[in-house]
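What the coordinates show
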Amino acid sequence: MDLLSFYATGTSQNSSLLTMHNHSGCGGCCHEADHSLKDDSPEMGIEYSLYTKIDKENLTCLNESVDGSAKLVFKPWEERLNFETFVESDVDEELLFNIPFTGNVKLKGIIICAPDDESHPARVRLFKNRPHMTFDDTRVEALQEFELHRDPTGCLEYPAKVVSFSSVSHLTIHIPTNYGNDTTRLCYIGLRGEWTAPQRSELLITNYELRPNLADHPNRVWDQVSKEI
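This report concerns the structure included in the present document. (Residues numbered from 1 in each chain as written. Predicted model: local features only at pLDDT ≥ 70, side-chain atom pairs only at ≥ 80, totals over all residues. Heavy atoms only, no water.)

**Observations regarding empty space enclosed by the protein**
On inspection of all chains with the given rule, the structure shows 1 cavity of 30 Å³ or more. Empty space within the largest cavity amounts to approximately 30 Å³. Lining the largest cavity, in full, are Y48, Y51, F74, K75, Y188, I189, G190 and L191. Residue composition of the lining of the largest cavity, grouped by class: 6 nonpolar, 1 polar and 1 charged. (1 Å grid on protein atoms, 1.4 Å probe; cavity = no way out; pocket = protein on both sides within 12 Å on 5 of 7 lines; lining within 4 Å. Points joined across faces, edges and corners; volume = space filled by probe spheres on them. Nonpolar A, V, L, I, M, F, W, Y, C, P; charged D, E, K, R; others polar.)

**Section: the environment of T196**
Residue position: T196 is located in strand β9 (residues 188–196). Separated by 90 residues in the primary sequence, T196 and K106 have C-alpha atoms spaced 8.6 Å apart. Other than its neighbours up to four places away in sequence, T196 contacts G103 and N104. (Helix = DSSP H or I, 4+ residues; strand = E, 2+ residues; numbered from the N terminus. Contact = heavy atoms within 4.5 Å.)

**Considering the packing of aromatic side chains**
Ring pairs (aromatic) are described by centroid distance and by the angle formed between their planes. Counted by the stated rule, this structure contains 3 aromatic pairs. Ring geometry for F146 and Y158: centres 5.4 Å apart, planes at 50°, overall tilted. You can see F146 sitting in strand β5 (residues 144–147) and its partner Y158 sitting in strand β6 (residues 158–159), a full 12 residues away along the chain. Residue F146 is classed as buried on the basis of its relative accessible area, which comes to 0%. Overall, Y158 belongs to the buried group, its relative accessible area being 2%. R185 extends its terminal NZ or CZ atom over the ring of F86, reaching a point 3.7 Å from the ring centre. (Phe/Tyr/Trp six-rings, centres within 6.5 Å; stacked < 30°, edge-to-face > 60°. Buried < 20%, exposed > 50% of the residue type's maximum accessible area, 1.4 Å probe, protein only. Lys NZ or Arg CZ within 6 Å of the ring centre and 35° of its normal.)

**Regarding the nonpolar core**
Of all hydrophobic cores here, the largest spans 32 residues; its most connected members are F97, I173, L186, I189 and L191. Elements supplying a minimum of two residues to this core: β3 (95–113), β4 (123–128), β7 (168–175) and β9. No other element matches the 8 residues that β3 contributes to this core. Setting aside chain neighbours within four positions, we find F97 in contact with T60, C61, A70, V73, F74, V87, L171, T172, I173, I175, L186 and I189. Counting 8 residues, the second-largest nonpolar core is a separate cluster that includes M44, Y48, I111 and Y188. (Core = buried A, V, L, I, M, F, W, Y, C linked by side-chain atoms within 4.5 Å.)

Encoded structure:
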């Protein structure tokens with residue numbers, strides 16, 4: 001199938017999904033997309049500009065197959081269908097994004113765009129203000145979870161709980177599973193919300209956390225040495 005046919009097929013499938021979403025409920029894990037984003041208007045690019053407020057130098061992704069590739073999926077709305085830039089998991093289907101912002105964010109929505117195949121993420125879990133999370137840390141309850149529908153055109157937004165995500169300096173996105181492939185691949189993560197600059201005291205605390213003192217984490221250092229051995 002050529003690229004144009006691929007996108008056309010995805011658009012048709014997502015139109016059906018949106019009809020289904022508008023008549024579905026929302027239980028413990030939210031299964032409903034808030035609305036459809038149907039065009040490439042400048043307004044959409046402005047709404048999904050939180051990627052410019054990510055501290056990409058300190059963004060990390062555990063289990064990415066290519067180091068640094070996760071940073072590439074936080075890109076302009078207009079480039080969401082560029083499938084040449086993507087992140088793919090390595091040894092299994094899990095991915096864990098640790099995303100520091102350059103200020104405080106009120107997160108309102110998230111879009112995950114990926115190929116329309118079994119490598120597409122099937123579920124996403126969100127955590128707030130927990131820097132340097134590991135897969136072991138994700139055993140705790142997430143602030144919010146979504147069951148994802150396949151979305152190869154970036155049309156489905158999943159609404160964040162504004163009360164829970166009203167003051168976010170660090171966002172963690174955990175993708176625990178996909179639609180059945182050995183590895184997970186995605187091409188775009190869109191974040192919608194509001195950003196405010198940090199105050200001086202917050203900036204100092206953030207800089208300290210990004211440069212941890214080994215003496216403050218003796219157990220973590222020993223654990224890391226043990227794993228490498």
